[in-house]
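In case you want the letters, here they are:
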Amino acid sequence: MAFWNWQQQGPRPVQEGTESFTPQLLQKLCSVVAGVAQNPADLADDKKANEVISVLQRIGEMLVWGVNVQGDMSPLVDAFITASPPPLPNLRELLMKTHMSRLKSRIDCQLLQTTHVIVQNAPPESALFNYLLSGWFLNKVVAHSFEFSDEDVMATFITTVNDIAKKLNEQNFPLFFDQSSSNSFPLFSEAVKFFHHPNEQIRANVISTTLYIFDQLRPAMKPAPEYVRHIAQQSNTCFTHVACLCRDLWVVIDNDVKSGKSVRQQLSLQTDLLLYLHDVLAFGIPELNRVLIDRFLVYAILPVLVRSIASSDNRGDAEYVISPALAMVILQDIFERVKHAPLLDAIFVALCDPVVPARVAELCRESAPKVPPSWATMTECWQRGGRPTSAPEITTEPGEQPVHPLDERRGMESNTVRRALFDILDGVGGRREPLTLLAVCTLYTVLTRSENTAFLVQCGLLPTSGPRPDETPLSDAVMSVLRRFDQINSATIQMIVRFALELCIGKDHFVAKSRVKERVLQYAKSAMKNAALTLQDEANKALSVKPGASPEREKFLESFMVEWAAHLQTPKEPTVMLQDVTGLLQQNDRSDRAKAIRAVLYCRRLQEDLVRDWRQEGVGKAYLKPSKEPLPGLDREAVELTTYRVDETFKLGDANRIRCFIAGSSVDFSFGQLTAEKIPVYMVPTDHLVLLVRPDFDTPQWAIPKLVQTLRDVSIETEPRDARPGCENVLRLQCLGAPGESLRFVDIFFTDPRRLHCAATLLEERRNKVRQQLAGDIKAFADQIPTR
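Novice: Is there a simple way to think about the packing of aromatic side chains in this case?
Specialist: Geometry of an aromatic ring pair is reported as the spacing of the ring centres plus the angle between the planes. Enumeration over the complete set of coordinates arrives at 16 aromatic pairs. Both rings, one in tryptophan 564 and one in phenylalanine 781, keep their centres 6.0 Å apart while their planes meet at 80°; by these two values the pair is edge-to-face. Highlighted residues: tryptophan 564 in helix α25 (residues 551–567) and phenylalanine 781 in helix α30 (residues 753–783), separated in sequence by 217 residues. For the pair tryptophan 564 and phenylalanine 781, one class covers both residues: buried. Stacked on the ring of tyrosine 320, the Lys or Arg arginine 247 has its end atom at 4.3 Å from the ring centre. Against the face of tyrosine 682 rests arginine 657, its NZ or CZ located 5.8 Å from the ring centre.

As structure tokens, this is what we get:
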């Protein structure tokens, strides 16, 4: 399309023939436009219409060349401004008469292109740009009813509007506000009609246009002029439409999730809308913020998200009710992306306050408000490929009050949503476990994001200073989950641990936190005792000290090592944890043995973290740092890990070694690089490690470790079935990675079967010895856990 060449490459080169760019020629071209404007019947002749299109293009080229080459004082600019008759009225008249030509779309597109390139190249303080503002010329171009069935016209119009908005500043902004017109500020009112358009690029331009406009309202707010109030009034409709778009999008996501479809595109659109919401609120314009918060609460957040949390799973046929799990995931996304305290506080009130204003309770209980007629009209119009021509009506009733008064106490009702959140915590395990995790994430976010201590105490999220300060609904809910650590998965446990630590020692302003800490310790000890009985029974069955390996022992050791590594990690933030929602909610996991191990380890770490004096650490939130406690019985392994470090030379001397190679399809032992050919290395036998080194060619009898892997984490396979053709005498090491990481495979090649057999036998014997020692140490660890 010609339009995209203009936008991306600028006007076509005019170096050749620029000597003809004279003021006299420009005035002659303007006279041609004037003649056609006065005799529009000429447009019925296609030849004359094509001539007009060429003249309009030539005028744009000459003015752009004059501005860029000669500057604002260009004779061409002066000739255009002083031309007789004045060109702008004739251009407006021509725009009104293009319907008389069969080439209407081409003439309209060229008029827009000429306007666009002039606006794009003329600085906002220039005489040429200010001349375009005279007689409301740009307003009339933007408000004109173009034929948007033509893609070129639509694309040119949207970009022209966006570029005009970029030129707005404090001085020229009032010159776009025509109080004498029924469409006082078409730059905004016409742009927002495209918010519903299915094309992503067009929607992005609309968002950009509105943000440019809002950005210019900030320096003019005191006192607020009439155009600010006018834009705030029109924004009421715009923000209502954005809220309706969000709630329709949430219903689509819910249906797609239930049917197993991908929702990546829908989530990307939701991210764009939430970031737009954040950007608008960040401008800090009181008139706009009140409207935006009110519209989103009334049309989207309260009647869809908050209401869905309190709805049963059997209400899927209700309008704008989505699954409670999805509602809480979307709320977490809002908490993460929209950094605006008044909006978040309003959501916190609706979620956690024991009593809420009657209007809030009604919105959280009743069906969502119906979409305004303008929304339905525009949506239907874009779906059939047309364009709405009438300005949308204002949907706010006069005198309507905000729905989020945090201090208003008249007409209060009991909060059913808060009760539903705590009921979800009481339903730990089974199919409701994803809801448990999400409920904990939601309450944790309220706890850590709100700076209103009085509100947190009032909601029961913080203890009071009364005679029994430890009894709060929140602490009761946390303890309810804590008692059942052996029934829930790792993600939920991590979140509960983070929650409990934040509740007890995370905030300096917590009241009576020592009493809460005592109660958390009491429940942690109780949960650990219950899980310890199961763990000791499993350990006695699997870890009986006998020579040689057994499948049962191997499974137990692998489970214990995985859970040990997991519980040492830093408890994740809810937003990080929920990034892979699908994978997270599908991990109702593993055996009773794994759950018992997990419960013991997490309760043990929670108790240790609670009894430490974190004030002596000298750092904030030290309790959220990962632990470095070694696995039971690994003191001997730790010595060797200190001696041998990757790429740090050590004296090998005359130690035993086996010559081998690493190459080809294997992941290189330097972690991550692919090797193109076989590289010679030595396998050096140690008590607890697989150690592959290469000689240090600069220092005789010294070597450089290239792979240092603990034997306890390795499975050994000789001659793997999927080895590359032609590769014989292969030893494959399957290495257990960190929690959440996939297994690493390292293929080691030998020159003959004898070396392969020697290396495999040596590694297998030492691995069995290490595992036998580990089994005894873990059994001793389990036996030391108090069960009374």
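From this point, the discussion proceeds with the structure in view.
Novice: What should I look at first to understand helix α5 (residues 87–97) in this one?
Specialist: The α-helix advances 3.6 residues per turn, and as a result positions three or four apart in sequence lie on the same side. For α5, the full list of buried residues reads Pro87, Leu88, Asn90, Leu91, Leu94 and Leu95. Taken end-on, α5 shows its buried residues confined to a sector of 160°, consistent with a single buried face. Where the residues of α5 are buried, they touch α2 (23–38), α3 (46–70), α4 (75–82), α6 (104–121), α7 (127–133) and α8 (137–143).

Novice: Got a minute to help me understand the side chain of asparagine 169 in this structure?
Specialist: Along the chain, the position of asparagine 169 falls in the loop between α9 (151–166) and α10 (186–189). Looking at asparagine 169, its side chain comes within polar contact range of the main-chain nitrogen of glutamine 171, at 3.0 Å. Those residues in contact with asparagine 169 that sit more than four places away from it in its chain are Pro124 and Gln216.

Novice: Looking at this structure, how should I read empty space enclosed by the protein?
Specialist: Over the atoms a probe the size of a water molecule is rolled, and this reveals where empty space is left. Counted under the stated rule, the structure contains 9 cavities of 30 Å³ or more. Estimated volume of the largest cavity: approximately 80 Å³. Around the largest cavity, the lining residues are Leu56, Ile59, Phe80, Leu88, Leu91, Leu111, Thr114, Thr115, Ile118, Leu132 and Phe137. If you list the elements that add at least two residues to the lining of the largest cavity, you get α3, α5 and α6. Top element by residues in the lining of the largest cavity is α6. It accounts for 4 residues. Within the lining of the largest cavity, the residues separate by chemical class into 9 nonpolar, 2 polar and no charged.

Conventions used here
Residues numbered from 1 in each chain as written. Predicted model: local features only at pLDDT ≥ 70, side-chain atom pairs only at ≥ 80, totals over all residues. Heavy atoms only, no water. Phe/Tyr/Trp six-rings, centres within 6.5 Å; stacked < 30°, edge-to-face > 60°. Helix = DSSP H or I, 4+ residues; strand = E, 2+ residues; numbered from the N terminus. Buried < 20%, exposed > 50% of the residue type's maximum accessible area, 1.4 Å probe, protein only. Lys NZ or Arg CZ within 6 Å of the ring centre and 35° of its normal. Arc of directions from axis to C-beta. Contact = heavy atoms within 4.5 Å. Polar contact = N/O pair within 3.5 Å; in protein donor to acceptor, adjacent residues only side chain to side chain. 1 Å grid on protein atoms, 1.4 Å probe; cavity = no way out; pocket = protein on both sides within 12 Å on 5 of 7 lines; lining within 4 Å. Points joined across faces, edges and corners; volume = space filled by probe spheres on them. Nonpolar A, V, L, I, M, F, W, Y, C, P; charged D, E, K, R; others polar.

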